[in-house]
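Spelled out, the chains give:
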Amino acid sequence: MRNQVAILAGGMGTRLKARTGDIPKPLAPLLGIPVLEHLVILCAHHGYKKIMLLTHYRHDLIYQYFGDGHKWDVEISYSIEKEPLGTAGALCEVLPMMNENFLVLYADTYVDINLNSLFTAHLNLNADATVVLHPNDHPHDSDLVKVNPDGDIVAIYPYPHAIEISSNLVNAALYVFNRECIKTVLRRGVKADLAKDLFPRMISSGCKLKSYITPEYIKDMGTPVRIDQVERDILDGLPERLSSRVLREAVFLDRDGTLTQELGYVTNPKNLELYADSSEAIRKLNKAGMLAVCVTNQPVIARGELTEHGLNEIHNKLNSLLGQGGAYLDGIYFCPHHPDSGFSGEVKSLKINCSCRKPNAGMIDRAVADLSIERSQSWMIGDMTSDIKAGKISGLKTILLQTGYAGEDRKYKIQPDYFMPDLTSAVNWILEGRKKMASQLISFVSESMNTRLVLIGGLARAGKSCAAMVMAEIFNVSGRNAHVLSIDGWLKPVESRIEGAGVLDRYNLDDLCERLYPIIKSKKRVSLEWPIYDRKSRSSCWMDPISIGPQDIILLEGVPALMDVRLREIADTKLFINVDMGERLKRIEADYKSRGECMEAVWDRITSREGDENPGVIDSAQYASLVIVS
Ligand SMILES: [Zn+2]
């Protein structure tokens, strides 16, 4: 029988007194109804209709409000503690009335989780107790739980910690218990606490204590500040976005070169180092209710240079470091395999062609299933072309960073949807920038549904390629296929450019037009080969051919897009991107830095080119039917 729940409702609410007076903690209001009523509604909704309330302080008021529970279509019974025996002691008193397996909730915790999934997991694991854990953004002052790779809880470290504990998992105060197991480790009538006494005893007596880690919303509401936070979160829709009722949005992140410094293969937790902005960027995702999931290739395991246990320690360190910055990951997936065998010390069984090693989609597929993720609303961020390919195969939007390898592995000829200098810019783009740009473009795009060629011009680093991609996304959701082509691939090699000859001289626009004309005119599906420009090596290479249908829309973006009269003549509509000059210079600086160039050395070249080129580019804005500021 899976219908029984015990709710610990004996709290006095001392810390809430200033707000709620003498009323007991379970009756403290949250969005107009008692905190405990939210739990009763949750239980009723999931079919847990037999509710045992363990009360103590002002039992009379609680009974007066909830009675026998018929108002909520549940059966409520009460156990009134005369002497407070602690949470475990109170639970012991009601054990004879409980089913073999039952849920335990705390009346001062707001919970929006699927109770049935939790209960089913407990039964499937055949556990003595299942403890809901969640990654926490302040592990240094929390009771921490250590879990092994099989999901067994192996240790609990109460706060304050005598030594540094590399874990960020905390007890979320929500359990499923097996009645018989509690009986064997606890004596009735003795004061005891669930977290401090029962769980450590269960671990030491060899009981099966399992973890249940979920991104669903669970928050303790013991203080007025926390109640206010929960109310804000509910009004912002955060519990809903994280609930199992909807598919969740996620950001998949590569590890080395994306979250952490690219230092070759890390085999010791000591060598793992976050980028300075990683915690803050992940924290923003956490607050926005977007899952942050790390997917990392770890061939060091196949090579025998690191065990899975060792990798677990490294990832505990990663979680701790993020926790110190107030951030957490919702999951870490790794591929231990490697395809090439024949090295000494290798683990033969892991030297295989697997489906999880990026650019394969295996790790992402698993996370999508485990965490119920909506691919079309999710992203992959990485520093290598294998990350971008894995993201594309998985149906995610992709961002290539200029940190780590900055795409210079060049294993796959693939274009990311967006280039960003670092993780912070990528997260800001996902959460704010892209939406802001879409709102500026949406009516222009809907008026351009029947076009063939759209030109997008503006100064270097103004945000043209981002605008083009956002337009392509809007076209695509409206059922029109759109392709972004960059004019940058037609930049002449540096040695054949004449310094001071102007913008148009720097591009092979004759060749570009020759290639583009037949495509624009074609009434059939055609295959187009198009060059892409690599900023770091300052050279072009050919992309894999793109298939372009006769109704497809081509978005051609680049500095000279609106400057060339031939392009203007064949284009149906034109867009110019303006940008705040300070912001633009910041982007240019990030660009040069990522190429390892010193700003002082290139500054003269930049300023002379700017003076030479910018007036002509800015002048071309007159041909645009829309000018936006990125
Ligand atoms: Zn693998």
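Residues numbered from 1 in each chain as written. Predicted model: local features only at pLDDT ≥ 70, side-chain atom pairs only at ≥ 80, totals over all residues. Heavy atoms only, no water.

Remarks on the overall build of the protein chain
The number of helices and strands found in the protein chain is 20 helices and 28 strands. Projected onto the principal axes, the alpha-carbon positions of the protein chain cover approximately 90 × 60 × 50 Å. The proportion of buried residues among the 630 residues of the protein chain is 55%. Intrachain contacts of the protein chain at a sequence separation of at least 6 include 73% that bridge at least 24 residues. With an accessible surface of roughly 27,300 Å², the protein chain has 51% of that area assigned to carbon and sulfur atoms. Of the charged side chains in the protein chain, 73 are positive and 80 negative; the average position of the first set lies 2 Å away from that of the second. (Helix = DSSP H or I, 4+ residues; strand = E, 2+ residues; numbered from the N terminus. Buried < 20%, exposed > 50% of the residue type's maximum accessible area, 1.4 Å probe, protein only. Contact = heavy atoms within 4.5 Å. Areas by Shrake-Rupley, 256 points an atom, 1.4 Å probe, with all protein chains shown as cover. Lys, Arg positive; Asp, Glu negative; His and termini not counted. Charge placed at Lys NZ, Arg CZ, Asp CG, Glu CD.)

Considering the coordination of the zinc ion
Each protein donor to the zinc ion is listed here as Cys335 (SG), His337 (ND1), Cys354 (SG) and Cys356 (SG); together their distances run 2.1 to 2.3 Å. Note that the zinc ion binds four donor atoms; their angles at the metal cover 100 to 116 degrees, and the shape is tetrahedral. In the primary sequence, the donor residues of the zinc ion line up as C-x1-H-x16-C-x1-C. With His337 in the loop between strand E16 (331–335) and helix H13 (362–370) and Cys356 in the loop between E16 and H13, this residue pair connects regions lying 19 residues apart in the sequence. Like Cys356, His337 is buried. (Donors = N, O, S within 2.8 Å, 3.2 Å for Na, K, Ca; no water. Tetrahedral: all angles 85-135°; square planar, octahedral: opposite > 155°, others 65-115°.)

Some remarks on the nonpolar core
General note: in soluble globular proteins, nonpolar side chains tend to be found buried as a group. Residues Ile399, Leu441 and Met471 are the most contacted members of the largest nonpolar core, which totals 59 residues. The greatest single-element share of this core, amounting to ten residues, is contributed by helix H15 (residues 423–447). Taken domain by domain, the makeup of this core includes at least three residues from each of domain 2 (247–427) and domain 3 (448–629). Discounting residues that sit within four places of it in the chain, Ile399 has contacts with Trp379, Met380, Ile381, Gly382, Ile388, Tyr418, Met420, Ala426, Trp429 and Ile430. (Core = buried A, V, L, I, M, F, W, Y, C linked by side-chain atoms within 4.5 Å. Domains from an automatic or database assignment.)

What to know about the environment of Ile213
By the element assignment, Ile213 lies in strand E12 (residues 209–213). Classification of Ile213 as partly exposed rests on a relative accessible area of 45%. Separated by 31 residues in the primary sequence, Ile213 and Ile182 place their C-alpha atoms 22 Å from one another. The residues touching Ile213, leaving out its near neighbours within four places in the chain, are Leu133, Pro135 and Leu169.

What to know about the sheet that holds strand E26 (residues 553–557)
The strands that make up a sheet are held in pairs by hydrogen bonds between backbone atoms, and each pair lies either parallel or antiparallel. Strand order in the open sheet made by the five strands is E21-E26-E20-E27-E28, with parallel pairing throughout. Of all strands in the sheet, those with a lone pairing partner are strand E21 (482–486) and strand E28 (626–629), marking the two edges. Shown here is a sheet whose adjacent strand axes are inclined to one another by a mean of 20 degrees, direction ignored. Where strand E27 (residues 573–578) and E28 come together, four bridges link them in parallel fashion. Its bridge partner being in E28, Phe576 is matched across the sheet by Val627. The sheet strands contacting helix H17 (residues 509–521) are strand E20 (453–458), E21 and E26, and the helix crosses E26 at an angle near 160 degrees. (Pairing = 2+ DSSP bridges. Axes fitted to C-alpha atoms, helices over the stretch in contact; angles between N-to-C directions.)

Section: the domain arrangement of the protein chain
Considered domain by domain, the protein chain is made up of domain 1 (4–226), domain 2 (247–427) and domain 3 (448–629). For domain 1 versus domain 3, the distance between C-alpha centres works out to 58 Å.

Quick look at the sheet that holds strand E18 (residues 397–401)
The six strands lie next to each other as E16-E15-E14-E17-E18-E19, forming an open sheet whose pairing is parallel. Of all strands in the sheet, those with a lone pairing partner are E16 and strand E19 (418–420), marking the two edges. Neighbouring strand axes in the sheet, compared pairwise and without regard to direction, differ in orientation by 25 degrees on average. In this sheet, E16 lies alongside strand E15 (residues 291–297) in parallel orientation, the contact comprising five bridges. Bridging across to E16, Val295 finds its partner in Tyr333.

Quick notes on the packing of aromatic side chains
One pair of aromatic rings is described through two measures. These are the centre distance and the angle between the planes. Throughout the structure, instances matching the rule amount to 15 aromatic pairs. Seen from their ring centres, Phe102 and Phe177 are 6.2 Å apart, and the 40 degrees between their planes marks the pair as tilted. Of the two residues, Phe102 is situated in strand E6 (residues 101–106) and Phe177 in strand E11 (residues 169–178); the sequence distance between them amounts to 75 residues. An identical accessibility class is assigned to Phe102 and Phe177; each is buried. Seen in terms of ring centroids, Tyr175 and Phe199 are 5.0 Å apart; in terms of plane orientation they differ by 70 degrees. Their pairing is edge-to-face. Here Phe199 lies in helix H7 (residues 194–204) and Tyr175 lies in strand E11, a separation of 24 residues in the sequence. Given a relative accessible area of 1%, Tyr175 falls into the buried group. By relative accessible area, which is 1% here, Phe199 ends up buried. Cation over ring: Lys71 sits above Tyr65, and NZ or CZ is 5.9 Å from the ring centre. One Lys or Arg, Arg568, reaches over the ring of Tyr623 and ends 3.5 Å from the middle of that ring. (Phe/Tyr/Trp six-rings, centres within 6.5 Å; stacked < 30°, edge-to-face > 60°. Lys NZ or Arg CZ within 6 Å of the ring centre and 35° of its normal.)

Points about the pattern of salt bridges
Evaluated as defined, the whole model comprises 28 salt bridges. Lys50 is the partner of Glu75 in a salt bridge, and the nearest nitrogen-oxygen pair spans 3.4 Å. Residue Glu75 is found in strand E5 (residues 75–80), and its partner Lys50 is found in strand E4 (residues 50–55); the two are separated by 25 residues along the sequence. For Glu346, the salt bridge identified is with Lys348, shortest N-O distance 3.4 Å. Given a relative accessible area of 11%, Glu346 falls into the buried group. The class of Lys348 is exposed, set by a relative accessible area of 63%. Look at the salt bridges and you will find they share partners, linking Asp112, Glu240 and Arg245 into a network. (Salt bridge = Lys/Arg side-chain N within 4 Å of Asp/Glu carboxyl O.)

Digging into the environment of His46
Within the fold, His46 resides in the loop between helix H2 (35–45) and E4. Distance in space between the C-alpha atoms of His46 and Asn3 is 8.7 Å, their sequence separation being 43 residues. With residues near it in sequence (within four places) discarded, His46 still touches Ile113, Asn114, Leu115 and Asn116. At 3.1 Å, the side chain of His46 forms a polar contact with the backbone oxygen of Leu42. (Polar contact = N/O pair within 3.5 Å; in protein donor to acceptor, adjacent residues only side chain to side chain.)

A closer look at unusual backbone geometry
In this model, Lys358 is joined to Pro359 through a cis peptide bond whose omega is 20 degrees. Tracing the chain through its elements places Pro359 in the loop between E16 and H13. Residue Ala406 is not a glycine yet carries a positive backbone phi of 50 degrees. Within the secondary structure, Ala406 is located in the loop between E18 and E19.

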